[in-house]
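Overview (structure and organization)
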Amino acid sequence: EDALLPTPQNISILSTNMKHFLSWSPVIVQGETVRYSVEFQGEYERDYANESWIPICECSLITATVCNITEDISATVAYNLRVRADVGTRRSEWGTMKGFFNRITTSLTPPLMKVIADGYHLLVELEDMGPAFQFCVLYWKKGQESRVQQKVVKEVSSVVHLDTMEAGPDYCVKAQTYVEAINRSSSFSQTQCVRAQGGTSMWL
Amino acid sequence: YGVGKWIRKPECRNINRTWCDLSSETSDYEEQYYASVKAFLNGMCSDWIETTRFNPLTDTKIDPPMVSVSSTEKSISIILTAPEKWKRSPEGESISLLQVYPGLQYNVSVLNKKTKKRWWFSISNTTLVVPWLEPGTAYCVSAQIRVTTPLLHSGFSKEYCIATLKDSVTF
Amino acid sequence: TAGNRIFHFGHCRVSMSMTEIRLGFTAIKANIQARDPIRTLSILSHPHSLHKVKSSDGCCITHHLFNFYVDKVFKHCKTEDSFINRKISSIANSFLSMKRKLRQCHEQNKCMCEEESTEKFKQILANYEGLNVTSAAIKSLGELDILLDWME
């Protein structure tokens, strides 16, 4: 009877900005190509569907040791993940990730942001981070940090108009992302300041 | 859907066109509908063929808003008007899409024709004034409707261009 | 695509995001509804339309319907299509999140069930039990947009 393949080990998830990647250590079999399959189980499957598992077909019999599970981790509940190895007719036991994964733990990075002064207009260009993201943009006149104004940008469409500026003072801007599905925000980006200069752009 | 009786459409009997206006029959957007049609020729007729289930609230196309633009020396004013819901007769009560989709918003783009720079605004009300512009400069405005729940959006309106008035100060 | 909204069901205020459920349902709507051949019966909208529910009854009906979908519907909707099954899992797990949020109102007695809403929900169950379980589950899943439209 064929010797059982070793179970995949070190199964873990790297989750950044709501993109979730499952990875594991390779199973080494000399001279053979090992293939892997991944399945997930949400809280619903555990508690209401006889602890059933659902295969991720994009990660069925793959040779890579990483799988993008973002599409399937689409609710804010605790998920289980497991991986199995195959070589020809030989198959390993399922290796199950230790502990659950809940997307609420994803790490959120500050958005890439570029502040532009176009004449008397204060504009901001934000990185498109996907449909799950909104941006909270704060701006104020330098020296008047107590009178901060806020604009929520729900959709990134290149250059977003924030406000008009008076000639002379510097205007400072910083932004953070907000993910309403998990009700969490990133830390703020670096502050950038610009100044209205007639019709020309001016950086400080 | 769910009621159990098919309603005939007299205006679409024995027609040779390939469309039929069912706006009246599907005007209650709290209901869902099926429609079916069959063909016949010289006494022979086909089976009835049905549509998929139609949900007027989510399975409809949203037209862009109407855009009107005016300008002063250093600003432009934009007024947006959302399309109206279909009504039985011109005298009928007008219902704006805003009443059907409370989460309705507008994305507005303003293009400076001289610098070719485009700015974006996202607003909920129907007016937008962009001050502190360059005199004697052409700006082109286009707008789109976006609804967040359910997820719907119109295409962009055509561009409406207008020039700010020339600088009235002369030495 | 912000869809996080504060839902007001009488005294119960809950912040929920429907966007992902909407996206999930939109992805499977045509497929699921095509599996339901019965035009003459609706689980959710006849004889009583959800839109006729008083706002004070909103929380109770919503609470019952979340439980209905989680306990009765999703588990009988398994298909031969992996994509459909994954989307149903996504919707089902999102329902669990929402069910948990609504439970807070239930525990704070802000989700009172009056006779009218109890009757309405009984009618929904009667509609459901009038069909065999798979047909009833598939029809209920195909009517999810009726629930979402009413909630929003």
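Refer to the preceding data block for the structure.
A brief report on the enclosed structure follows. Quantities reported herein were computed from a predicted structural model and do not represent experimental measurements.

Quick look at the packing of aromatic side chains
Taken as a whole and judged by the stated rule, the model has 14 aromatic pairs over all chains. Where Tyr44(A) meets Tyr48(A), the ring centres are 5.5 Å apart and the plane angle is 10°; that geometry is what we call stacked. With Tyr44(A) and Tyr48(A) both in helix α1 (residues 43-48) and four residues apart, the pair spans about one turn of that helix. Ring geometry for Phe68(C) and Tyr128(C): centres 5.0 Å apart, planes at 80°, overall edge-to-face. One end of the pair, Phe68(C), is in helix α2 (residues 58-73); the other, Tyr128(C), is in helix α4 (residues 115-129), and 60 residues separate them in sequence.

A look at the nonpolar core
Counting residues in each nonpolar core, the largest one holds 76 residues, and the members touching the most others are Leu50(C), Phe74(C), Phe95(C) and Leu147(C). The dominant element in this core, judged by the number of residues it contributes, is helix α3 (residues 82-107) of chain C, at nine residues. Residues within four places of Phe74(C) in sequence aside, it is in contact with Tyr44(A), Tyr69(C), Ile88(C), Ile91(C), Ala92(C), Phe95(C) and Leu141(C). Among the nonpolar cores identified, the runner-up in size contains 30 residues, and Leu80(B), Leu97(B), Leu128(B) and Tyr139(B) belong to it.

Notes on the pattern of salt bridges
Under the counting rule described, the total for this entry stands at 27 salt bridges over all chains. With its nearest N and O atoms 3.6 Å apart, the salt bridge here joins Lys122(C) to Glu119(C). Taken together, the residues Lys122(C) and Glu119(C), both in helix α4 and three residues apart, mark about one turn of the helix. Residue Glu119(C) is classed as partly exposed on the basis of its relative accessible area, which comes to 40%. Three or more residues joined by partner-sharing salt bridges are found here, namely Glu58(A), Asp72(A) and Arg86(C).

A word on helix α5 (residues 133-142) of chain C
Residue and element names in this part refer to chain C. Most of α5 is tucked away: seven of the 10 residues are buried. Residues Ala136, Ala137, Ile138, Lys139, Ser140, Leu141 and Gly142 constitute the buried set of α5. Where α5 is buried, its residues contact α1 (19-34), α2, α3, α4 and α6 (144-151). Its side-chain oxygen at 3.1 Å from the backbone nitrogen of Thr134, Asn132 defines the N-terminal cap of α5.

Side note on the interface of chain A and chain B
Many authors give the size of an interface as the accessible area that is lost as the parts come together. Taken residue by residue, the interface counts 13 residues in chain A and 12 residues in chain B. In total, about 1200 Å² of surface goes out of reach between chain A and chain B, with carbon and sulfur atoms giving 54% of it. Two residues, Lys117(B) and Asp118(A), come together in a salt bridge whose shortest N-O distance is 3.7 Å. Linking chain A with chain B are five residue pairs in polar contact (both at pLDDT 80 or more). At the level of secondary structure, the elements contributing two or more residues to the side of chain A that touches chain B comprise β10 (121-126) and β13 (159-164) of chain A. Top contributing element to the side of chain A that touches chain B by residue count: β13(A), with four residues. Grouping the amino acids of the side of chain A that touches chain B by side-chain chemistry returns four nonpolar, six polar and three charged.

What counts, and where the lines are drawn
Residues numbered from 1 in each chain as written. Chains lettered and ligands numbered in written order. Predicted model: local features only at pLDDT ≥ 70, side-chain atom pairs only at ≥ 80, totals over all residues. Heavy atoms only, no water. Phe/Tyr/Trp six-rings, centres within 6.5 Å; stacked < 30°, edge-to-face > 60°. Helix = DSSP H or I, 4+ residues; strand = E, 2+ residues; numbered from the N terminus. Core = buried A, V, L, I, M, F, W, Y, C linked by side-chain atoms within 4.5 Å. Buried < 20%, exposed > 50% of the residue type's maximum accessible area, 1.4 Å probe, protein only. Contact = heavy atoms within 4.5 Å. Salt bridge = Lys/Arg side-chain N within 4 Å of Asp/Glu carboxyl O. Polar contact = N/O pair within 3.5 Å; in protein donor to acceptor, adjacent residues only side chain to side chain. Buried area = accessible area lost by both parts, 1.4 Å probe. Nonpolar A, V, L, I, M, F, W, Y, C, P; charged D, E, K, R; others polar.

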